[in-house]
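Letter by letter, the chains look like this.
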Amino acid sequence: MYTIQDLYDLNHTLAKAYLEQFTYPWEALKGIKELILTLGPSLSDYEEIAPHVWVHPSAVIAPTAYLGAPCIIGPDTEVRHGAFVRGSALVGAHCVVGNSVELKNVILFDHVQTPHYNYVGDSILGYFSHMGAGSITSNVKSDKTLVVVKNGCETIETGLKKFGAMLGDHVEVGCNSVLNPGTVIGRDTNIYPLSRVRGQIPAHSIFKTQEDVVVKKK
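Draft legend 1. Just the overall build of the chain, in detail. Per the secondary structure count, the chain includes 3 helices and 24 strands. In terms of C-alpha radius of gyration, the chain reaches 16 Å, essentially the compact-globule figure of 17 Å for 218 residues. Along the first, second and third principal axes, the C-alpha set of the chain runs to 45 × 40 × 30 Å. Looking at the chain as a whole, 52% of its 218 residues are labelled buried. A separation of at least 24 residues holds for 31% of the contacts in the chain among residues at least 6 apart in sequence. In the structure as shown, the chain presents an accessible area of about 9800 Å², 52% of it carried by carbon and sulfur atoms.

So this is what it looks like as structure tokens:
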């Protein structure tokens, strides 16, 4: 099962020291709110534009965007028209949070793009990962039972009711795909548009269907 070190270059997030405490990335989900509340006051080059909302001066925030507390918006990040940051969102540098995008209890590493109609909840998106238009993380199972991460015959119980997806660095998710609760995608993997994804997906792969995942040619 992929660990934090397998998925992410921690040099590209303000959450580096926090994430280094954990083995598996989903273990970090419970503490994101507290992380932001602790980290925010220490960011001397950020502005607290509302209580517990810290924004770097170089970020561009559309007047119609909503920034819920607590959150951190990094340098040169663009939060576009109608974006809804519900709270507990740590957004890195050079990111895009786009039109009608909703973020909740997430860490977005630097250079992450969620540009069009994405829902990202209870998830961590790695460096230079990209969610295609309309792709979402489904973060609660329909039967409301706790999420289990699966990799073939290997399973790990997370103890979490809400757990969306873990995207490794440089993951590309195609348009209108659904990442089911507990999805973990290895680095540099591409997900075809209109995909339904569950479990752990290998790094350096192309996901065509759940039964057809091929290794990228070098």
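Draft legend 2. Layout of the packing of aromatic side chains. A full pass over the atoms with the stated rule returns 6 aromatic pairs. Where Tyr 8 meets Phe 109, the ring centres are 4.9 Å apart and the plane angle is 25°; that geometry is what we call stacked. Taken together, the residues span a long stretch of sequence, with Tyr 8 in the loop between α1 (4–7) and α2 (16–19) and Phe 109 in the loop between β9 (102–108) and β10 (113–116) at a distance of 101 residues. In this structure Phe 109 comes out as buried when scored by relative accessible area, which is 0%. An aromatic cluster is present here, built from Tyr 24, Trp 26 and Phe 163 joined pairwise through their rings.

Draft legend 3. Representation of the layout of surface pockets within the structure. The calculated volume of the largest pocket comes to roughly 210 Å³. Lining the largest pocket, in full, are Lys 141, Val 147, Val 148, Lys 150, Asn 180, Pro 181, Gly 182, Arg 198 and Gly 199. Classifying every residue of the lining of the largest pocket by side-chain character gives 3 nonpolar, 3 polar and 3 charged.

Draft legend 4. Representation of the pairing of strand β1 (residues 47–50) in the model. Where β1 lies against strand β2 (residues 53–55), 3 bridges are found, and the strand directions are antiparallel. Bridging across to β2, Glu 48 finds its partner in Trp 54. Where β1 folds back onto β2 in an antiparallel hairpin, the turn is made up of 2 residues, including His 52, whose phi is positive at roughly 65°.

Draft legend 5. Expanded view of the environment of Gly 92. Looking at where Gly 92 falls in the secondary structure, it is placed in the loop between β7 (84–91) and β8 (96–99). Separated by 19 residues in sequence, Gly 92 and His 111 place their C-alpha atoms 7.1 Å apart. Setting aside residues up to four positions removed in sequence, Gly 92 forms contacts with Gly 74, Pro 75, Thr 77, Leu 108, Phe 109 and Asp 110.

Draft legend 6. Quick peek at the side chain of Ser 123. Within the secondary structure layout, Ser 123 lies in strand β11 (residues 119–125). On the basis of relative accessible area, Ser 123 is assigned to the buried category, the value being 0%. Excluding residues within four positions of it along the chain, Ser 123 makes contact with Leu 29, Asn 105, Val 106, Ile 107, Thr 137, Gly 164, Ala 165 and Met 166.

Criteria and thresholds
Residues numbered from 1 in each chain as written. Predicted model: local features only at pLDDT ≥ 70, side-chain atom pairs only at ≥ 80, totals over all residues. Heavy atoms only, no water. Helix = DSSP H or I, 4+ residues; strand = E, 2+ residues; numbered from the N terminus. Rg over C-alpha atoms; globule rule 2.2 N^0.38 Å. Buried < 20%, exposed > 50% of the residue type's maximum accessible area, 1.4 Å probe, protein only. Contact = heavy atoms within 4.5 Å. Areas by Shrake-Rupley, 256 points an atom, 1.4 Å probe, with all protein chains shown as cover. Phe/Tyr/Trp six-rings, centres within 6.5 Å; stacked < 30°, edge-to-face > 60°. 1 Å grid on protein atoms, 1.4 Å probe; cavity = no way out; pocket = protein on both sides within 12 Å on 5 of 7 lines; lining within 4 Å. Points joined across faces, edges and corners; volume = space filled by probe spheres on them. Nonpolar A, V, L, I, M, F, W, Y, C, P; charged D, E, K, R; others polar. Pairing = 2+ DSSP bridges.

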